[in-house]
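Survey of secondary and tertiary structure
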Amino acid sequence: RRRVGVLISGRGSNMEALIEAAKGADYPADIVLVLANQPDAGGLATAAAQGITTVVVDHRPFKGDRAAFEEAIDARLRQEGVEFVCLAGFMRVLTPSFVTAWRGRLINIHPSLLPALPGLHTHERALAAGMRLHGCTVHFVSHELDAGPIIAQAAVPVRFGDTADTLAARVLAAEHRLYPRALALVAAGRATLAQDRVIYADAQAVAEASL
Ligand code: GAR
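Residues numbered from 1 in each chain as written. Predicted model: local features only at pLDDT ≥ 70, side-chain atom pairs only at ≥ 80, totals over all residues. Heavy atoms only, no water.

Side note on unusual backbone geometry
Where we set the bar: Numbering of helices and strands runs from the N terminus; a helix is a DSSP stretch of H or I covering at least four residues, while a strand is a stretch of E covering at least two. Residue burial is assigned from relative accessible area. The probe radius is 1.4 Å, only protein chains are included, and a residue is buried under 20% of its type maximum, exposed over 50%, and partly exposed in between.
Note the cis peptide between Leu114 and Pro115, where omega equals 10°. Here Pro115 lies in the loop between β5 (106–110) and α5 (122–128). Despite not being glycine, Lys63 has its phi angle at roughly 45°, a positive value. Position of Lys63 among the secondary structure elements: in the loop between β3 (53–56) and α3 (66–79). For Lys63, a relative accessible area of 75% translates into the label exposed.

A short note on the UniProt feature "domain: Formyl transferase N-terminal" (unreviewed entry) in the protein
Condition: UniProt positions are given in the numbering used here, feature names are shortened, and annotations may be inferred rather than shown by experiment.
Taking the UniProt record as the reference, the feature "domain: Formyl transferase N-terminal" (unreviewed entry) is found at residues 3–183. Along residues 3–183 the backbone is 35% helical and 24% strand, and the end-to-end C-alpha distance reaches 11 Å.

Concerning the site of the ligand
We apply this condition: Here a residue counts as near a molecule or strand whenever at least one of its heavy atoms sits within 4 Å of it. Side-chain atoms alone can form a polar contact between residues adjacent in sequence; in general such a contact is a pair of N or O atoms within 3.5 Å, and within protein one must be able to donate a hydrogen while the other accepts it. Computed by Shrake-Rupley with a 1.4 Å probe, the accessible areas treat only the displayed protein chains as cover when residues are assessed. Put simply, Ala, Val, Leu, Ile, Met, Phe, Trp, Tyr, Cys and Pro go in the nonpolar bin, Asp, Glu, Lys and Arg in the charged bin, and everything else, Gly too, in the polar bin.
As a structural note, the neighbourhood of the ligand is formed by Arg11, Gly12, Ser13, Asn14, Gly89, Met91, Ile109, Pro111, Leu172 and Glu175. One nitrogen or oxygen atom from the side chain of Arg11 is found 2.5 Å from an oxygen atom belonging to the ligand. At a separation of 2.5 Å, an oxygen atom of the ligand approaches a polar side-chain atom of Ser13. Calculation on the ligand without its partners gives an accessible area of 440 Å², and the protein chains cover 86% of this total. Contributing elements (two or more residues each) for the shell around the ligand: α1 (13–21) and α6 (164–187). Tallied by class, the residues present in the shell around the ligand amount to 4 nonpolar, 4 polar and 2 charged.

Concerning the UniProt feature "site: Raises pKa of active site His" (unreviewed entry) in the protein
Selection criterion: Working rule for contacts: check all heavy atoms of both residues, and any pair within 4.5 Å makes them a contact.
Following the UniProt record, one finds the feature "site: Raises pKa of active site His" (unreviewed entry) at Asp146. Within the fold, Asp146 resides in the loop between β6 (133–140) and β7 (150–157). Apart from residues lying up to four places away in sequence, Asp146 is in contact with Asn108, His110, Leu114, Pro118, Gly119 and His139. Here Gly119 takes part through its backbone nitrogen, which lies 2.8 Å from a polar atom of the side chain of Asp146.

Next comes the structure, spelled out in structure tokens:
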């Protein structure tokens, strides 16, 4: 089983979904570390209650020195023997140096069907654009924000009367199903990064990459 670290900034519901999935006997990964840049991130208590090592690397004392902040994160990940990193609502942009060091082993979940709607406020923007389908994407992190090679996606319908909140809740439920699947594919080596594309081991892996 692969050793996985999860980086969060807040509630950590995706982190929780990964922790739950990793309890499965056949799951190819263990969540060995949860790291937050916000000392009050709600997910820290959830992870600690599950007996998982938690750590805070607060970005504020680094006063904008992103390299030093990321070196501190990197050091903790390596100290725990982390092999793959999942960003789960981690709201700091990572520099090319960190992204390159973890290339092919660093994945993120984003609340839209990328390449549509990179950035923030995706649910409001999906509604404003009149989109009829919305969803979430798990992708390898690349140097461009919310633009790395796509590993897995889930689509959800936009319904009559949806607000940003009702739509967000529908997408979040899909995120909780998608992220564990995507991590399983990556941790098992069934979805790997080659150049700027994802290579799947077989048709079954491709089928598992969409919901
Ligand atoms: C999730 O919807 C995730 O996709 C999104 O933040 C939320 C975190 O919720 N991520 C981003 O917007 C990344 N730019 P969670 O803390 O409950 O997992």
